[in-house]
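Fold and contact review
The lines below spell out each chain.
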Amino acid sequence: MSIGFKVRRSVTTMLMRLSAAPVVGGICMRLAGAFRGPYKDRRVLAHLTRHPYISPRAQIHCARLTVGPQCFIDDYVTIYAHEDGGEVRLGEGVHLYRGTIIEIGRGGSVTIGDHTHIQSNCNIKGFLGSTHIGSHVQVAPHCGFSPYEHSFDDLSVDIREQEITSSGDIVVGDNVWLGLSVQVLDGVTIGDGAVVGAGAVVTKALPPNCVAVGVPARVIRQRGERPPTPSSTGRGSG
Ligand SMILES: CC(C)(COP(=O)(O)OP(=O)(O)OC[C@H]1O[C@@H](n2cnc3c(N)ncnc32)[C@H](O)[C@@H]1OP(=O)(O)O)[C@@H](O)C(=O)NCCC(=O)NCCS
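Just so it is clear, the model here is predicted, and its values are computed rather than measured.

Take the domain arrangement of the protein chain next. Under the domain assignment used here, the protein chain contains domain 1 (1-49) and domain 2 (52-223). Using only C-alpha atoms to locate each centre, domain 1 and domain 2 end up separated by 29 Å. Taken residue by residue, the interface counts nine residues in domain 1 and nine residues in domain 2. Its residues assigned to classes, the side of domain 1 that touches domain 2 shows three nonpolar, three polar and three charged.

Here it is, written out as structure tokens:
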């Protein structure tokens, strides 16, 4: 380990310790970020101390927000609660990447379990119903979670003006992998260990450890039916 590396690590650790302090905290967080490279190079900042790393470029407006230790909240993440929103709770080591929006209102909440990573530009809502995402879940870019629908059958009223409805919460189990652009609709439960292929729209419950694809998402097999793929290429970017 080079001296330069050790010095940089000590300085960023000190800055992260100070990041929770009143007044100077924001400056310390900004400086810590400046010491690292761009984007995912900054994730290390969330692991130097127990403090979460919250980018100064994130927009957070949520009175009932709990951010667990060692969370990473990237540039341009938005966490927004309307006045009648419930709570947003992020467990330990949750990562939210840039462009992701969490928005709650009408008593809805969003909870995300420990060590779950939400990649860029996801949209997670809690309105009327809530969205609960388990632990160790991987959510690829551009996924959406909507625990409510618009009513639209009254032809005399603009759709935007019609009531929203919900057939229930969205519940995603532990150790789930959702591929690129998966959309999850209200009332849906996705079982532990399920894999959902890119572009799927999940309209009904999926059982644990299944592989599901398509619009609407249908189970094509169970995990474990095939021999595991040899891991020659290492871990992904998430
Ligand atoms: C679903 C997935 C995980 C592969 O699972 P698998 O069990 O190995 O599936 P297979 O490749 O054997 O394909 C089985 C069938 O499903 C179809 N299929 C696979 N992925 C699909 C998808 N995303 N949407 C629709 N159909 C799909 C295949 O064409 C094949 O159909 P066929 O039997 O008619 O030929 C993969 O295709 C996928 O979508 N991965 C997500 C990639 C991604 O989003 N990466 C981002 C990284 S975070």
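Turning to the pairing of strand E23 (residues 210-213), a few remarks are in order. In the sheet, strand E21 (residues 195-196) pairs with E23 via two bridges, with the strands oriented parallel. By the bridge assignment for E23, Val 195 is matched with Val 211. Where E23 hands over to strand E24 (residues 218-222), the hairpin turn is made up of four residues, of which Gly 214 adopts a positive phi near 95 degrees.

Attention now goes to helix H2 (residues 25-35). What H2 keeps buried is the set Met 29, Ala 32 and Gly 33. Looking straight down H2, one finds that the buried residues subtend no more than 100 degrees of arc, so they occupy a single side. Buried positions along H2 lie against helix H1 (3-18) and strand E1 (53-54).

Turning our eyes to something else, we now look at the nonpolar core. Across soluble globular proteins, nonpolar side chains have a tendency to be buried as a group. Val 88, Ile 190, Val 196 and Val 202 are the most contacted members of the largest nonpolar core, which totals 54 residues. Considering every element that reaches this core, the biggest residue donor is strand E17 (residues 170-172), with three residues. Each of two domains, domain 1 (1-49) and domain 2 (52-223), supplies a minimum of three residues to this core.

Here the focus is the sheet that holds strand E3 (residues 65-67). Judged by pairing direction, the sheet is parallel, and its six strands sit side by side in the order E3-E6-E9-E12-E17-E20 without closing on themselves. Each edge of the open sheet is held by one strand with a lone partner, namely E3 and strand E20 (189-190).

Another point: the packing of H1 against H2. Following both chains from N to C, one finds H1 and H2 inclined at 155 degrees, their axes separated by 8 Å at the closest point. Taken together, H1 and H2 sit at an angle that is classed as roughly antiparallel. In terms of crossing hand, the pair formed by H1 and H2 is left-handed. Each of Arg 8, Val 11, Thr 12, Leu 15, Met 16 and Leu 18 in H1 lies in contact with H2, whose residues at this interface are Gly 25, Cys 28, Leu 31, Ala 32 and Phe 35. When its residues are assigned to classes, the contact of H1 with H2 shows eight nonpolar, two polar and one charged.

Quick look at H1 now. Counted at 1.5 Å a residue, the expected span for H1 with its 16 residues is 22 Å, and the 23 Å between its end C-alpha atoms agrees. Among all positions of H1, only Thr 12, Leu 15 and Met 16 are buried. One side of H1 holds all its buried residues, which, seen down the axis, span an arc of 100 degrees. Opposite the buried face of H1, at more than 90 degrees from it, the exposed residues are Ile 3, Lys 6, Val 7 and Ser 10. Taken together, the buried residues of H1 touch H2.

Within the structure, the ligand sits among 14 residues, and Ala 140, Gly 179, Leu 180, Gly 197 and Ala 198 are positioned closest to it. Contributions of two or more residues to the shell around the ligand are made by E23 and E24.

Moving on: the pairing of strand E8 (residues 101-105). Relative to E8, strand E5 (residues 78-81) is paired through four bridges, and the arrangement is parallel. Following the sheet pairing, Thr 78 is matched in E8 by Ile 101. The pairing of E8 with strand E11 (residues 123-127) spans five bridges and is parallel. Pairing of Ile 102 across the sheet is with Ile 124, part of E11.

Rules used in this analysis
Residues numbered from 1 in each chain as written. Predicted model: local features only at pLDDT ≥ 70, side-chain atom pairs only at ≥ 80, totals over all residues. Domains from an automatic or database assignment. Contact = placed C-beta atoms within 7 Å. Nonpolar A, V, L, I, M, F, W, Y, C, P; charged D, E, K, R; others polar. Pairing = 2+ DSSP bridges. Helix = DSSP H or I, 4+ residues; strand = E, 2+ residues; numbered from the N terminus. Buried ≥ 20, exposed ≤ 12 C-beta atoms within 10 Å, placed from the backbone. Arc of directions from axis to C-beta. Core = buried A, V, L, I, M, F, W, Y, C linked by C-beta atoms within 7 Å. Axes fitted to C-alpha atoms, helices over the stretch in contact; angles between N-to-C directions. Parallel < 35°, antiparallel > 145°, perpendicular 65-115°, else oblique. Left-handed = near helix turned anticlockwise from the far one by under 90°. Expected span 1.5 Å × (residues − 1). Near = placed C-beta within 6 Å.

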